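Letter by letter, the chains look like this.
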Amino acid sequence: LIIPREGGYMVRVYVEMDKLAENERVAGRNITKEQLIAAAQRIFHPYTFEVKEVPWWSVYEIGQRLTDRFDDLQPEEVATRLPHIFIAGDACHTHSPKAGQGMNVSMQDAFNIGWKLAAVLHRRSPASLLHTYSAERQAVAKELIDFDREWAALIVSSVSDRSANDAAAVQKYFVQHGRYTAGTATHYKPALLTGAGTHQGLATGLQIGKRFHSALVVRIGDGKQLQLGASFLADGRWRLVAFAGQGDKGAPGSPIAKLCEFLSESPHSPIKRFTAAGADVDSVIDVRAVFQQSHHTLALTAMPELLFPTKGRYGLRDYEKAFCTIDDAKQNIYEMRGINREQGCMVVVRPDQYIAHVLPLNDTAALAAFFGGFMLNAMN
């Protein structure tokens, strides 16, 4: 495996050496950098190359290992006590470096447990939420280990074993699994924090359980184009993105207006239930809306209060809640993400920017029930 590095002359070369015997460690082989260079040169034959300088080299054992759980519970204890110790990264999953996932997956582990710990410590969710960390991340790590075994086998297969089509097969496999390298292959299954796919057809390109797949939109407040996903800060808040149906401009009586009315006034609203008195209206659940009209035809001041709220110690207006599609049809978020133009939908996005649910705009009961499954009423 060759990875070009900076400067045009430096490359990183991965060389497969001999298999270790049972209970043997690589340190006992006393492998030198000269042996690594010789092995690489044999692999390159009949082509040749010279190594002028080795700024860094290392020898390591490839092992695919995975712990049973990412916390201190035994399976039979899950129903009776809470976890108190959590592990992440190499402490619970190890694999080859060829897929570039060691640091990436470890950071995802840390973010997953981080936002959940914060939710519990801020008393927004019960401590039982912490059970979801091991359940979610252990499954992801298992998929990664399975992928790594296949990928490593392709990389180390000997030249003599390869057919003429093998190079194309390796390339195809790398492209197919490029989402792993990019960190977007994670897909959480339906559970406490991930809804069922009953209404997935309303947004086929925003898959429940996967990372929110962003696209360009126009901010109505100033006409600026930006990535919708980039407007979601990693600050522990949930996002509720309402995609308006055909002709909906947020006027009184429209589906968007009715949704905002429910969220602002109903005692069953997750915003009313879970936001502390005196806190900003978006401090727990941040509501955004995307409309299909041009921003030239939409008035931000005519939007529901929830999309143009006053916030902070000075009561300033927030101009960054309402967006619309861009003029370029090829980059229209509705088309790119398979959003139903006629009905629209609402998309619930977790604090780690994974999609938790897709629901019709009028299914406020399902929305309330979803948040009610893992959040605590605010202590007002």
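As shown above, the structure is provided for reference.
Now for a look at the structure at hand. Just so it is clear, the structure is predicted and the values come from calculations on it, not from any experiment. (Residues numbered from 1 in each chain as written. Predicted model: local features only at pLDDT ≥ 70, side-chain atom pairs only at ≥ 80, totals over all residues. Heavy atoms only, no water.)

## Remarks on the overall build of the chain
When you go through the chain residue by residue, the secondary structure sums to nine helices and 13 strands. Summarising its shape, the C-alpha atoms of the chain cover approximately 75 × 55 × 40 Å along the three principal directions. Of all intrachain contacts in the chain linking residues separated by at least 6 positions in sequence, the fraction that spans at least 24 positions is 64%. Put simply, the chain shows about 20,600 Å² of open surface, and 54% of that area lies on carbon and sulfur atoms. Put simply, the chain has 41 plus and 40 minus side-chain charges, and the middle of one group is 3 Å from the middle of the other. (Helix = DSSP H or I, 4+ residues; strand = E, 2+ residues; numbered from the N terminus. Contact = heavy atoms within 4.5 Å. Areas by Shrake-Rupley, 256 points an atom, 1.4 Å probe, with all protein chains shown as cover. Lys, Arg positive; Asp, Glu negative; His and termini not counted. Charge placed at Lys NZ, Arg CZ, Asp CG, Glu CD.)

## With respect to the pattern of salt bridges
Applying the stated criterion to the full structure yields 24 salt bridges. Ionic pairing is found between K311 and D318, a salt bridge with its closest N-O pair at 2.8 Å. Counted as one network, the salt bridges with shared partners bring together D235, R237, R239, D282, D286, R288, K311, D318 and K321. (Salt bridge = Lys/Arg side-chain N within 4 Å of Asp/Glu carboxyl O.)

## Overview of the packing of aromatic side chains
For the structure shown, the criterion picks out 14 aromatic pairs. The interplanar angle of 55° and the centroid separation of 6.0 Å between the aromatic rings of F70 and Y133 together place this pair among those described as tilted. One end of the pair, F70, is in the loop between β3 (65-66) and β4 (93-94); the other, Y133, is in helix α3 (residues 131-156), with 63 residues separating them in the sequence. Ring plane angle 75° and centroid distance 5.4 Å describe the contact between W238 and F371, whose orientation is recorded as edge-to-face. Separated by 133 residues along the polypeptide, W238 in strand β7 (residues 238-243) and F371 in helix α9 (residues 364-372) bring together distant segments of the chain. Using a relative accessible area of 0% as the deciding quantity, one classes F371 as buried. (Phe/Tyr/Trp six-rings, centres within 6.5 Å; stacked < 30°, edge-to-face > 60°. Buried < 20%, exposed > 50% of the residue type's maximum accessible area, 1.4 Å probe, protein only.)

## A look at helix α1 (residues 33-44)
In this model, α1 (12 residues) spans 17 Å end to end at C-alpha, consistent with the 16 Å of a helix rising 1.5 Å per residue. Those residues of α1 that sit buried are L36, A39 and A40. Taken down its axis, α1 places every buried residue within 100° of arc, on the same side. (Expected span 1.5 Å × (residues − 1). Arc of directions from axis to C-beta.)

## Quick notes on unusual backbone geometry
Across the chain, the bulk of peptide bonds are trans and the bulk of non-glycine residues have phi less than zero. The omega angle of the peptide bond from H45 to P46 is 15°, so this bond is cis rather than trans. Inspection of the secondary structure assignment puts P46 in the loop between α1 and β3. Phi angles above zero are rare outside glycine, and R123 is one such case at about 60°. Examined against the element boundaries, R123 turns out to sit in the loop between α2 (102-121) and α3. In the Ramachandran plot, Q353 falls in the positive-phi region, its phi being about 70° despite a non-glycine side chain. Structurally, the position occupied by Q353 is in the loop between β12 (345-349) and β13 (355-359).

## Some words on the pairing of β7
Burial analysis of β7 places six of its six residues in the buried class, which makes it a mostly covered element. With burial as the criterion, each face of β7 is covered, one bearing W238, L240 and A242 and the other bearing R239, V241 and F243. Direction of pairing for β7 relative to strand β8 (residues 285-291): parallel, over a ladder of six bridges. Each bridged residue has a counterpart across the sheet, and for W238 the counterpart in β8 is I285. For β7 and β12, the ladder comprises five bridges, and the chain directions are antiparallel. Directly across from L240, in β12, lies its bridge partner V348. (Pairing = 2+ DSSP bridges.)

## A short note on the sheet that holds strand β11 (residues 322-324)
With mixed pairing, the seven strands of this open sheet are ordered in space as β6-β5-β11-β8-β7-β12-β13. Edge positions in the open sheet fall to β6 (224-227) and β13, since each of these has one partner strand only. The average angle at which neighbouring strand axes cross in this sheet is 30°, direction not considered. Contacts between α9 and the sheet are confined to β7, β8, β12 and β13, with β12 contributing the most and set at about 5° to the helix. (Axes fitted to C-alpha atoms, helices over the stretch in contact; angles between N-to-C directions.)

## With respect to the nonpolar core
Nonpolar side chains in soluble globular proteins tend to be buried together. Among the nonpolar cores identified, the biggest contains 72 residues, and L228, W238, F243, F291 and F371 are the most heavily contacted of them. L228 has contacts with F212, S214, A215, V217, V241, F243, V290, F323 and I333, leaving out every residue within four places of it along the chain. (Core = buried A, V, L, I, M, F, W, Y, C linked by side-chain atoms within 4.5 Å.)

## Re the side chain of R237
With respect to the helices and strands, R237 occurs in the loop between β6 and β7. Separated by 2.9 Å, the side chains of R237 and D235 make a polar contact. A distance of 3.0 Å separates a polar atom in the side chain of R237 from the backbone oxygen of D282. Other than its neighbours up to four places away in sequence, R237 contacts D282, S283, V284, D286, R350 and P351. (Polar contact = N/O pair within 3.5 Å; in protein donor to acceptor, adjacent residues only side chain to side chain.)

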